[in-house]
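# Coordinate inspection notes
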Amino acid sequence: MAESTELKTGVVADPKKPAGEKDPLFGKKEKILITDPLLDNNPITIQVLGVCSALAVTSLVYPSLVMAVAVVFVTAFSSLATSLMRNIIPKAVRLIVQLVIIATLVTLVNEALKVLAFPVYKQLSVYIGLIITNCIVMGRLEAFAMANKPWRAFLDGVGNGLGYGLILVAVGVVRELFGKGSLFAGSPIAMNIIGPSGDTTQYWINTAADSGLGSFFGWYANNNLMVLPAAAMFVIAVFIWIQRSYNSKLVDVS
């Protein structure tokens, strides 16, 4: 049983560790649970999970960031709840129990967004509810939370949520900057970076200016293709290419 658990989770017991000794809260293994999904085992670029929402919600940075926070919350606390109940959940209905846990947390996120950020809630619309079926969330509950202690399961959920959110925000930055010439549009810290300034909108780099920095970018025009969902596929593909070119050991992964 111990051997099968180690193979399933990738966590190998330390034979030199005295029996009964508690694991540190932030030991080496705990740090790996958070840092590994950011790059070498990223849910999107390596495991190729959760791609559908990455294509749909990343036209702007602000909704991408909100979705990232929502997924981190759901993944972390669903992993924690599942791990706490792992010994009492009947195997025959474990997936149903996991779905109920995830659906409860997603409902909390959904209602919180309605109250705190209704414009973003309207932008994300159905994609908040689809977190319930996100492969990343379900995958971590089944593969890790069901076989590990609550704290480690929680950290694993945080790490995979952050890895997912990192790619979402990065794709959102590229698409919004080159598609609209802005960043964080619709948020309190909206920034108009590059474009032709007018009576209502002022850009940091005014491409319509006759002098100054903007005069060197008179040829520049925002790429409307970047605001389409298809652009996210291209951007994610470039991220995958860059990551695997930089780290050759990832070439044959997934």
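Treat the numbers as computed from the prediction; the structure is a model and nothing was measured. (Residues numbered from 1 in each chain as written. Predicted model: local features only at pLDDT ≥ 70, side-chain atom pairs only at ≥ 80, totals over all residues. Heavy atoms only, no water.)

### A look at the packing of aromatic side chains
On inspection of all chains with the given rule, the structure shows 7 aromatic pairs. Aromatic side chains Phe 73 and Phe 77 sit 5.1 Å apart centroid to centroid with 45° between the ring planes, which places their arrangement in the tilted category. A residue pair is termed a helical-turn pair when its members lie 3 or 4 positions apart in one helix, as Phe 73 and Phe 77 do in helix H4 (residues 61-84) at 4 residues. Note on Phe 73: relative accessible area 32%, which makes it partly exposed. The exposure class assigned to Phe 77 is partly exposed, which follows from its relative accessible area of 36%. On the numbers, 5.9 Å between centres and 20° between planes, the contact of Trp 151 with Phe 154 is stacked. Of this pair, Trp 151 and Phe 154 both sit in helix H9 (residues 150-180), 3 residues apart, roughly one helical turn. With a relative accessible area of 18%, Phe 154 lands in the buried category. (Phe/Tyr/Trp six-rings, centres within 6.5 Å; stacked < 30°, edge-to-face > 60°. Helix = DSSP H or I, 4+ residues; strand = E, 2+ residues; numbered from the N terminus. Buried < 20%, exposed > 50% of the residue type's maximum accessible area, 1.4 Å probe, protein only.)

### Regarding the UniProt feature "transmembrane region" (unreviewed entry) in the chain
The positions UniProt marks with the feature "transmembrane region" (unreviewed entry) are residues 60-80, 92-112, 124-141, 153-174 and 225-242. Secondary structure content for residues 92-112 is 90% helix and 0% strand, and the end C-alpha separation is 33 Å. Helix makes up 67% of residues 124-141 and strand 0%. Its end C-alpha atoms lie 24 Å apart. (UniProt positions renumbered as here; feature names shortened; annotations may be inferred.)

### Regarding the packing of helix H2 (residues 28-35) against H9
As a packed pair, H2 and H9 sit with axes 6 Å apart at the nearest point and diverge in direction by 30°. Comparing their axes, H9 and H2 come out roughly parallel. Within the contact between the two elements, H2 uses Lys 29, Glu 30, Leu 33 and Ile 34 and H9 uses Trp 151, Arg 152, Leu 155, Asp 156, Gly 159 and Leu 162. Of the residues in the contact of H2 with H9, the class split is 5 nonpolar, 1 polar and 4 charged. (Axes fitted to C-alpha atoms, helices over the stretch in contact; angles between N-to-C directions. Parallel < 35°, antiparallel > 145°, perpendicular 65-115°, else oblique. Contact = heavy atoms within 4.5 Å. Nonpolar A, V, L, I, M, F, W, Y, C, P; charged D, E, K, R; others polar.)

### Observations regarding a nonpolar patch on the surface
Residues Leu 225, Leu 228, Met 233 and Phe 234 make up a contiguous nonpolar surface patch of about 380 Å² in total accessible area. Inspection of the secondary structure assignment puts Leu 225 in the loop between strand S4 (205-206) and helix H10 (229-246). By relative accessible area, Leu 225 is classed as partly exposed at 37%. (Patch = residues over 30% accessible without salt bridge, like charges linked within 9 Å, V, L, I, M, F, W, Y side chains within 5 Å. Areas by Shrake-Rupley, 256 points an atom, 1.4 Å probe, with all protein chains shown as cover. Salt bridge = Lys/Arg side-chain N within 4 Å of Asp/Glu carboxyl O.)

### Looking at the side chain of Thr 45
With respect to the helices and strands, Thr 45 occurs in the loop between H2 and helix H3 (51-56). Engagement of the side chain of Thr 45 in a polar contact is seen with the side chain of Gln 243, the distance being 2.6 Å. In this structure, Thr 45 is in contact with Ile 167, Phe 239, Ile 240, Gln 243 and Arg 244, ignoring residues within four places of it in sequence. (Polar contact = N/O pair within 3.5 Å; in protein donor to acceptor, adjacent residues only side chain to side chain.)

### Describing the side chain of Thr 58
Position of Thr 58 relative to the elements: it lies in the loop between H3 and H4. Looking at Thr 58, its side chain comes within polar contact range of the main-chain oxygen of Ala 54, at 2.7 Å. Those residues in contact with Thr 58 that lie beyond four places of it in its chain are Ser 64, Leu 168, Val 171, Gly 172, Arg 175 and Ala 232.

### Structural notes on unusual backbone geometry
Residues other than glycine seldom take positive phi values, yet Ser 125 does so here, at roughly 40°. Note that Ser 125 resides in the loop between helix H6 (118-124) and helix H7 (126-129). According to the relative accessible area criterion, Ser 125 is partly exposed, its value standing at 35%.

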